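Remarks on the overall topology
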Amino acid sequence: MYQKYKNVEVVKPGGLELKDRLVGVQRVTKVTKGGRAFGFSAIVVVGDENGVVGHGLGKSKEVATAIAKAIEDAKKNLVRIPLNNGTLPHEQKGKYGGARVYIQPASHGTGVIAGGAVRAVLEAVGVHDVLSKSQGSSNPHNVVKATFDALLQLRGARTVAKQRGISLEKVFKG
């Protein structure tokens, strides 16, 4: 699922205390010759609030089973995101479909300034101070995936130093 990203650390759910956040539930209608058949789709974000996060989609005839399926799907797609003292290492843009998301680190005490689906993802990751802007489509499925696109492009200082082949001090001091 995350092949196009470099340095993505996929995490196994065993031993993690994961908290799930429901992003949205949609009622889906299929018209058949016997009338209308209703179903539900749920999108859920799970995370340990310490850098590990995943998202999942579940579909079912009942809301509760759709949410349960979404949680199981999210646990299969866990990744580790680099954090820096409760905020992000640098600003980043992400896009998926028509949704575009911009996330930017903020100083301590700012809080999570984000709306809807972006807030759910950032809080599940464990970011406490961040500024964000969601542009374009407000479809929660695409906004969640755009936020993941931005988060998966983040690189920590150690990763940058390793990729450039220089020491950690040289990354900061130039």
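What comes next is a walk through the structure. If you're wondering where the values come from, they're calculated on a predicted model, not measured in any experiment.

What counts as what
Residues numbered from 1 in each chain as written. Predicted model: local features only at pLDDT ≥ 70, side-chain atom pairs only at ≥ 80, totals over all residues. Heavy atoms only, no water. Pairing = 2+ DSSP bridges. Helix = DSSP H or I, 4+ residues; strand = E, 2+ residues; numbered from the N terminus.

Some words on the pairing of strand β3 (residues 35–47)
Direction of pairing for strand β2 (residues 19–32) relative to β3: antiparallel, over a ladder of 13 bridges. Bridge pairing in β3 places L22 opposite V44. Examined bridge by bridge, β3 and strand β4 (residues 52–60) share eight bridges and lie antiparallel to one another. Among the inter-strand pairings, I43 is bridged to a residue of β4, identified as L57. Joining the antiparallel neighbours β3 and β4 is a turn of four residues, in which E49 adopts a positive phi near 60°.

As for the sheet that holds strand β1 (residues 9–10)
Within a sheet, adjacent strands bond to each other through the backbone by hydrogen bonds, running parallel or antiparallel. Pairing within the open sheet is antiparallel, and its five strands lie in the order β1-β5-β4-β3-β2. Bordering the open sheet on either side are β1 and β2, each of which pairs with just one other strand. Judged from the two bridges that link them, β1 and strand β5 (residues 79–80) form a sheet pairing that is antiparallel. By the bridge assignment for β5, V10 is matched with V79.

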